[in-house]
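Letter by letter, the chains look like this.
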Amino acid sequence: MDVLKKTVKYFLLALRDVLNPFFNFKEVAVLCYHQYDPHLPAQLAALKARGYSFVPLADVVAWAKGKGAVPHKAVSITLDDGYPDFVPQVLPVMRQYGAPVTLFATGAYDTTPIRGDVLVELGYHTASHPNLAKLSGAELIKEIAPPRGERYFAYPGGNHSPEAAAAVRAAGYQAAFTIRPVPVRQGVDPYYVPRSVITPDMSVRDVLFYTSRAACWYKALTDLV
């Protein structure tokens, strides 16, 4: 089944490549990494070669709300949790490619060394990384409340609920991010903005797929099954 799924994805990516010169698809995506991925430099190089621009998450949020513009093909890079390799390994690659990056850190991560870095947006990822879909009331609010005034929030594991989304909004965040393998569309609810998770076993072609219109086609097909 996995082979079949990958075959379909690659077919759709190839179809997108054939059609794009005629339709010039608008493609805006947010990618989600966790720890440093050795394939990251090659993935960023491939995206750049394909004409994608690396943009701050704030630009994607503004565009999604209909209040700003982004390049026709735009990608925003995010990392979750706050692993020790962020500063020594991830940031140098981001600087090499001029790619802004958002770090969604948990409350335990010391963000002091990177506060003020012009390339880094700091988001919040809860105090202790629980499943927010299983929390409510004061416990939920305690996990969500931003201790340092971050603008953006990422649901751990993509797990959320209407109560969690309402608490995120009430806490003052400007947007929140789920886990859903499709690009961002303008007009999406700003508290359910999708991100595609990129894992170390993925190829460059997989990353190109998730930033492209092909990912939308694949999601539409799987929703029909």
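Conventions we followed
Residues numbered from 1 in each chain as written. Predicted model: local features only at pLDDT ≥ 70, side-chain atom pairs only at ≥ 80, totals over all residues. Heavy atoms only, no water. Salt bridge = Lys/Arg side-chain N within 4 Å of Asp/Glu carboxyl O. Helix = DSSP H or I, 4+ residues; strand = E, 2+ residues; numbered from the N terminus. Buried < 20%, exposed > 50% of the residue type's maximum accessible area, 1.4 Å probe, protein only. Polar contact = N/O pair within 3.5 Å; in protein donor to acceptor, adjacent residues only side chain to side chain. Contact = heavy atoms within 4.5 Å. Pairing = 2+ DSSP bridges. Phe/Tyr/Trp six-rings, centres within 6.5 Å; stacked < 30°, edge-to-face > 60°. Lys NZ or Arg CZ within 6 Å of the ring centre and 35° of its normal.

K.L.:
Looking at this structure, how should I read the pattern of salt bridges?
P.N.:
A side chain with one charge can pair with a side chain of the opposite charge if their charged atoms come near. Enumeration according to the criterion identifies ten salt bridges in this entry. With its nearest N and O atoms 2.9 Å apart, the salt bridge here joins Arg 16 to Asp 17. Note that Arg 195 is salt-bridged to Asp 80, the shortest N-O span being 2.8 Å. Of this pair, Arg 195 sits in the loop between β7 (175-177) and β8 (196-197) while Asp 80 sits in strand β3 (residues 73-81), placing them 115 residues apart in sequence. A relative accessible area of 0% places Arg 195 in the buried class.

K.L.:
How do you make sense of the side chain of Thr 111 when you look at a structure like this?
P.N.:
As for its position among the elements, Thr 111 is in the loop between β4 (101-105) and β5 (120-124). A distance of 2.9 Å separates the side chain of Thr 111 from the side chain of Arg 115, its partner in a polar contact. Excluding its chain neighbours within four sequence positions, the residues that come into contact with Thr 111 are Ala 105, Leu 122 and Arg 148.

K.L.:
So what exactly am I meant to see when it comes to unusual backbone geometry here?
P.N.:
The general pattern is negative phi for most residues beyond glycine and trans for most peptide bonds. Positive phi, normally seen in glycine, also occurs at Asp 81, with a value near 90 degrees. Positive phi values are uncommon outside glycine, yet Thr 126 reaches one of about 80 degrees. Mapping Thr 126 onto the fold places it in the loop between β5 and α5 (137-144). Owing to a relative accessible area of 0%, Thr 126 belongs among the buried residues under this scheme.

K.L.:
Looking at this structure, how should I read the pairing of β5?
P.N.:
For a regular strand, side chains alternate in direction, first toward one face of the sheet and then toward the other. For β5, a buried count of five out of five residues is recorded, marking the element as mostly surrounded by other parts of the structure. The alternating pattern of β5 places Val 120, Leu 122 and Tyr 124 and Glu 121 and Gly 123 on opposite faces, both of which are buried. One ladder, built from five bridges, connects β4 with β5; its direction is parallel. Bridge pairing links Ala 105 to Tyr 124 in β5.

K.L.:
Before we go on, may I ask you to explain the packing of aromatic side chains in this structure?
P.N.:
In total, this model carries eight aromatic pairs according to the counting rule given. Note on Tyr 152 and Phe 177: the rings are 6.4 Å apart at their centroids and 90 degrees apart in plane angle, and the pair reads as edge-to-face. Residue Tyr 152 is located in strand β6 (residues 152-154), and its partner Phe 177 is located in strand β7; the two are separated by 25 residues in the primary sequence. Note on accessibility: Tyr 152 and Phe 177 belong to one class, buried. Between Phe 153 and Tyr 173, the aromatic rings sit 5.2 Å apart at their centres with planes inclined by 55 degrees, giving tilted as the arrangement. Of this pair, Phe 153 sits in strand β6 while Tyr 173 sits in the loop between α6 (162-170) and β7, placing them 20 residues apart in sequence. An identical accessibility class is assigned to Phe 153 and Tyr 173; each is buried. Site record: aromatic cluster; members linked through ring pairs are Phe 23, Phe 25 and Trp 217. Lying across the ring of Tyr 10, Arg 205 places its NZ or CZ 4.5 Å from the centre.

Limitation: the analysis is restricted to geometry and does not speak to function.
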